[in-house]
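One letter stands for each residue in the lines below.
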Amino acid sequence: MNRKHFLSALLPAGLVLSSVKSWGSVPAPPKHRKIKTPPYLKEGDTIGITCPAGYISTEDIQPAIQLMESWGFRVKSGKTIGLRNFSMGGTDEERRLDFQQMIDDKEISAIMCARGGYGSLRIVDQLDFSSLYNHPKWIIGFSDITVLHCHLNQRYNIASIHSKMCNSFPTDWTKAEPIQIETILSIKQALTGEQMAYTAPTTVFNRAGKAEGILVGGNLRTIENLAGSVSDLNTRNKILFVEDTGEYLYSIDRMFWNLKRNGKLSGLKGLLIGGFKIKPDDPGEEFGKTIYDIVLEKVKEYNYPVCFDFPVGHQKNNFALRCGVHHLLDVNASTVTLTSATR
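Computed from a prediction, not measured in an experiment: that's the story for all the values here. (Residues numbered from 1 in each chain as written. Predicted model: local features only at pLDDT ≥ 70, side-chain atom pairs only at ≥ 80, totals over all residues. Heavy atoms only, no water.)

Enquirer: Explain the sheet that holds strand 7 (residues 209-219) to me, please; I cannot follow it from the model alone.
Expert: Note on sheets: strands pair through backbone hydrogen bonds, and any given pair is parallel or antiparallel. The mixed open sheet is built from seven strands, whose spatial order is 6-13-12-7-8-9-10. Across the chains shown, the open sheet's two edge strands, defined by having one partner strand only, are strand 6 (197-199) and strand 10 (306-307). Inspection of the sheet shows strand 8 (residues 238-247) paired to strand 9 (residues 270-278) by seven bridges, in the parallel sense. Bridged to I239 within strand 9 is G270. The sheet strands contacting helix 10 (residues 249-261) are strand 8 and strand 9, and the helix crosses strand 8 at an angle near 155 degrees. Each of strand 9 and strand 10 touches helix 11 (residues 291-299); the most contacted strand, strand 9, lies at about 150 degrees to it. (Pairing = 2+ DSSP bridges. Helix = DSSP H or I, 4+ residues; strand = E, 2+ residues; numbered from the N terminus. Contact = heavy atoms within 4.5 Å. Axes fitted to C-alpha atoms, helices over the stretch in contact; angles between N-to-C directions.)

Enquirer: Looking at this model, I keep getting lost on the UniProt feature "active site" (unreviewed entry) in the chain. Mind explaining?
Expert: Annotation from UniProt places "active site" (unreviewed entry) at S143, E243 and H314. These annotated residues cover 172 residues of sequence, but their C-alpha atoms sit close together, with the largest distance between any two at 8.6 Å. In this structure, S143 sits in the loop between strand 4 (138-141) and helix 7 (146-156). If we skip the residues at most four places from it in the chain, S143 touches H162, N219, T222, E243 and H314. Its location among the elements puts E243 in strand 8. (UniProt positions renumbered as here; feature names shortened; annotations may be inferred.)

Enquirer: When you look at the packing of aromatic side chains in this model, what are you seeing that I'm missing?
Expert: Here a ring pair, both rings aromatic, is described through the centre-centre distance and the interplanar angle of the planes. Counted by the stated rule, this structure contains 11 aromatic pairs. Summarising the aromatic geometry, the rings of F205 and Y292 are spaced 4.1 Å apart at their centres and angled 10 degrees between planes, so their arrangement reads as stacked. With a gap of 87 residues between them, F205 in the loop between strand 6 and strand 7 and Y292 in helix 11 connect regions that are remote in the sequence. For F205, a relative accessible area of 32% corresponds to the partly exposed category. Centre to centre, the rings of Y292 and F308 are 4.9 Å apart; their planes meet at 65 degrees, and the pair counts as edge-to-face. Here the residue Y292 occupies a position in helix 11, and F308 occupies one in the loop between strand 10 and strand 11 (321-323), the gap between them amounting to 16 residues. The same class applies to Y292 and to F308, which are both buried. Each member of the aromatic cluster is reached from another via a ring pair, and the members are F129, Y133 and Y156. (Phe/Tyr/Trp six-rings, centres within 6.5 Å; stacked < 30°, edge-to-face > 60°. Buried < 20%, exposed > 50% of the residue type's maximum accessible area, 1.4 Å probe, protein only.)

Enquirer: Explain helix 7 here, please?
Expert: Since the α-helix turns once every 3.6 residues, residues separated by three or four places project in the same direction. When you tally the buried positions in helix 7, you get 10 out of 11 residues, the bulk of the element. Immediately downstream of helix 7, the backbone of N157 shows phi near 55 degrees, a positive value.

Enquirer: Please clarify how the confidence of the model for the chain should be interpreted in this entry.
Expert: One rule of thumb: low pLDDT means the predicted coordinates there are not for detailed reading. Residues with a pLDDT of 70 or more make up 90% of the chain, whose mean pLDDT is 92. Note that residues 1-25 has pLDDT below 50 and, in this model, 29 contacts with residues that lie over four places away or in other chains. (pLDDT = per-residue confidence, 0-100.)

Enquirer: Explain the side chain of D105 to me, please; I cannot follow it from the model alone.
Expert: For D105, the position within the fold is in the loop between helix 4 (92-104) and strand 3 (108-113). Of the residues examined, D105 reaches a relative accessible area of 14% and is grouped as buried. Once residues within four sequence positions are removed from consideration, D105 is found in contact with K76 and K137.

What follows is the structure, given as structure tokens:
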């Protein structure tokens with residue numbers, strides 16, 4: 001039996017050719033290769049919306065469409081909007097095909113993932129990123145979309161945007177809180193190439209210092225799950241940010257031990273701890289350590305700056321961050337600032 005017929009016998013119909021093409025499309029870039037920054041958007045450019053992960057209705061993306069059109073962009077909705085396969089936005093093949101079409105569509109300059117949830121990992125290895133490698137475009141999202149951020153950074157050295165998605169756009173802007181408005185507007189700033197400057201509250205748990213380097217990161221559980229895979233994030237000489245939600249403290253401790261043991265904490269330039277919505281300990285099963293205890297225990301032998309309560313994560317103050325872009329970090333007793341490099 002030849003290789004093609006052997007694969008045909010193992011894989012679902014429709015996945016064989018796309019999978020083989022994906023495996024051999026673009027080799028992993030050398031570590032020294034410069035990050036590819038997609039062109040920043042200008043008025044008239046098109047943003048595609050698709051569901052590589054969780055389901056969202058056509059109605060629920062309307063506030064996002066209306067606002068992005070008011071920014072001067074065109075919006076193209078993918079075929080997975082409104083599709084549903086249990087919790088996901090269509091079957092694996094429907095989500096893969098829709099995302100692939102967005103990658104290959106030359107009229108689309110950025111792809112906004114409609115929401116997180118789960119599902120990106122199920123299709124990432126069947127996607128052909130060759131056209132994205134040759135003609136980069138911004139991939140936007142967070143949470144489950146951390147899979148794509150890590151894959152693009154590790155395999156193709158392509159910058160991307162970690163930010164809120166369509167399900168976070170308020171339906172009534174007159175009732176939106178200032179922090180909601182500010183964080184949503186930061187998506188436009190990131191897409192159009194404005195210099196981004198962030199501040200975080202000071203805390204006695206922060207560790208002072210200055211650093212500069214490429215910014216990478218995302219959802220902690222997802223980063224841990226990618227360890228050992230082709231999407232495993234290389235953090236050496238970079239500024240790492242992490243966030244998570246709905247996890248027990250002991251589970252967070254285990255994830256940070258994973259980062260330490262696989263070397264992701266040893267070669268950092270800086271560490272940003274974003275929002276962590278912690279699941280309360282079960283009665284009689286108290287862990288006895290705080291998030292501050294957990295992190296500082298793992299980094300005590302290193303000298304880089306550490307910042308807690310950075311405005312990123314499953315929370316209202318979730319600002320857009322350009323992953324793969326050079327940033328400057330300054331943590332001191334009076335202020336915490338993270339500044340992106342200019343164009």
